[in-house]
Amino acid sequence: MKNVLITGGSRGIGREATVLCGERGWSVGVNYVGNQEAAEETVAMVRQAGGRAVAIKGDVAVETDVAAMFDTAERAFGPLTGVVINAGIVAPSQPLAEMSLDRLKRIFEVNVLGAYLCARECARRLARDRGGEGGSVVLMSSAAARLGAPFEYVDYAGSKGALDTLTIGLSKELGPQGVRVNAIRPGLIETDIHASGGQPDRAHRLGATAPMGRPGTAREVAEAIVWLLSDAASYTTGAIIDVSGGR
Ligand code: NAP
C-alpha cells in the first residue's frame, strides 16, 4: 500500500495517474488549484476504483500552500511514500520576442519554482535521515525540454529542462536516503492543456506527425507514472523516461 500525493491530480494526466493508484488500492491526495468540481469528480473516481482519496486545494507556486498540502495528505493517510510533481501550465503560443514579463514569471513560478518547492518538501519528509520512510518522486517534464518548442512555448520548454536537471541532482542527493527520483517526458497527449494554450486541436494535429502517427492518452502516461511509483521500479532512479510515441 502506498500513500501518494499528486499535484495537479484533478485533471488530465494527473487524474489518470490518480485513478490508477486507486485501482491498486493506494491512498491519494488529489491537489488542484481552482477547479473544485473536477477534483471532487476525481476523488469519486478513485474511491470507485478501490482506493482512498482526498481533494487538496493549493497553488504549487505558493510556499505555504505546498507545506499545507503535504500536511493535509499526511494527516489523512500517514507518511507519504510517493509524490508526483505533475502540476504545470502553458500560455498561448508566441515567439519569445512577444512574451510579456508577467507571462514569463508565471510560467517559471508554477513550472519551476512550484516543482522545486514540492521537491524540497519531498526531501524534507521522505528522506530516511529526516525520519521519512523513503519512497518515489516522479517529476512531470516534457518532450519540449528536448525539442525547444520554437514559436510556441520556449518558456515552457525551458521550464521543463529545469526539471530534467532537478531530477538528475535530486536523485543523487536522495538515493542514499531511500528515495528514488525520476522524470517522465510526455509527448503530445490529449488533455485540456492544449486548449489553455489556445490550440485545442494541437495534440491531434501534431500527434499525427509523431513516429507512432497519433497523440498519446493520459492513461498511457499514467501507466509509466504508476510503474515509477511502484516497487517494480525499485532500481530505477535518476531516469528521464520518454512517453512520446517516438517524438
Ligand atoms: P491539464 O489537463 O491542463 O491539468 C493541469 C492540472 O494541474 C489540473 O489539475 C490543474 O488544476 C493543475 N494545476 C495547474 N496549475 C496549478 C497550480 N499552480 N497549483 C496546483 N495545481 C495546478 O494538464 P496535463 O496536460 O494533464 O499536464 C500535466 C503535466 O504534464 C504538466 O506538467 C504538463 O506540462 C505535462 N505535460 C503535458 C503534455 C500534454 O501534451 N498534455 C505533454 C508534456 C508534458 P485545476 O483543475 O484546479 O486547474
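See the structure printed just above.
About the criteria used
- Residues numbered from 1 in each chain as written.
- Predicted model: local features only at pLDDT ≥ 70, side-chain atom pairs only at ≥ 80, totals over all residues.
- Heavy atoms only, no water.
- Buried < 20%, exposed > 50% of the residue type's maximum accessible area, 1.4 Å probe, protein only.
- Helix = DSSP H or I, 4+ residues; strand = E, 2+ residues; numbered from the N terminus.
- Pairing = 2+ DSSP bridges.
- Right-handed = clockwise from strand over helix to strand, strands pointing away.
- Near = heavy atom within 4 Å.
- Polar contact = N/O pair within 3.5 Å; in protein donor to acceptor, adjacent residues only side chain to side chain.
- Areas by Shrake-Rupley, 256 points an atom, 1.4 Å probe, with all protein chains shown as cover.
- Core = buried A, V, L, I, M, F, W, Y, C linked by side-chain atoms within 4.5 Å.
- Contact = heavy atoms within 4.5 Å.

## Here we look at the pairing of strand E4 (residues 82–85)
Okay, step 1: Here E4 shows a buried face lined by Gly-82 and Val-84 and a second buried face lined by Val-83 and Ile-85.
Okay, step 2: Pairing analysis gives 3 bridges linking strand E1 (residues 3–6) to E4, with the strands arranged parallel. In the strand pairing of E4, Val-4 is matched with Gly-82.
Okay, step 3: Relative to strand E5 (residues 135–140), E4 is paired through 4 bridges, and the arrangement is parallel. If you follow Val-83 over to E5, its bridge partner there is Val-137.
Okay, step 4: On the question of chirality, the crossover connecting E4 to the parallel E5 by way of helix H4 (residues 101–125) is right-handed.

## Comments concerning the site of the ligand
Okay, step 1: Close to the ligand lie 32 residues, the nearest being Ser-10, Arg-11, Asn-86, Tyr-156 and Thr-191.
Okay, step 2: In this structure, an oxygen atom belonging to the ligand sits 2.7 Å away from a side-chain N or O atom of Ser-10.
Okay, step 3: Expressed as a share of its isolated accessible area of 910 Å², the protein-covered part of the ligand is 95%.
Okay, step 4: For the shell around the ligand, the secondary structure elements donating two or more residues are helix H1 (12–23), strand E2 (27–32), H4, helix H6 (154–174) and helix H7 (193–196).

## Notes on the nonpolar core
Okay, step 1: Core analysis: the biggest nonpolar cluster contains 29 residues, and Phe-70, Ile-85, Val-137 and Leu-139 have the highest contact counts within it.
Okay, step 2: Elements with a minimum of two residues in this core: helix H3 (63–77), E4, H4, E5, H6 and strand E6 (179–186).
Okay, step 3: Of the residues forming this core, the biggest block, 7 residues, is contributed by H4.
Okay, step 4: If sequence neighbours within four positions are ignored, Ile-85 has contacts with Thr-7, Ala-115, Cys-118, Ala-119, Cys-122, Val-137, Val-138, Leu-139 and Met-140.
Okay, step 5: Counting 27 residues, the second-largest nonpolar core is a separate cluster that includes Val-4, Leu-20, Ala-218 and Ala-224.

## Some words on the environment of Glu-109
Okay, step 1: Mapped onto the elements of the fold, Glu-109 is located in helix H4.
Okay, step 2: Accessibility expressed as a relative area gives 31% for Glu-109, which makes it partly exposed.
Okay, step 3: Spatially, the C-alpha atoms of Glu-109 and Ser-159 are 9.3 Å apart, while their sequence positions differ by 50 residues.
Okay, step 4: Beyond its immediate sequence surroundings of up to four residues, Glu-109 is in contact with Ala-61 and Gly-114.

## A closer look at unusual backbone geometry
Okay, step 1: Of note in the backbone geometry, Ala-149 takes a positive phi value of approximately 50° without being a glycine.
Okay, step 2: For Ala-149, the location among the structural elements is in the loop between helix H5 (144–147) and H6.
Okay, step 3: Under the relative-accessibility criterion, Ala-149 is labelled buried at 8%.
Okay, step 4: Located in the positive-phi region is Phe-151, a residue other than glycine, with phi close to 65°.

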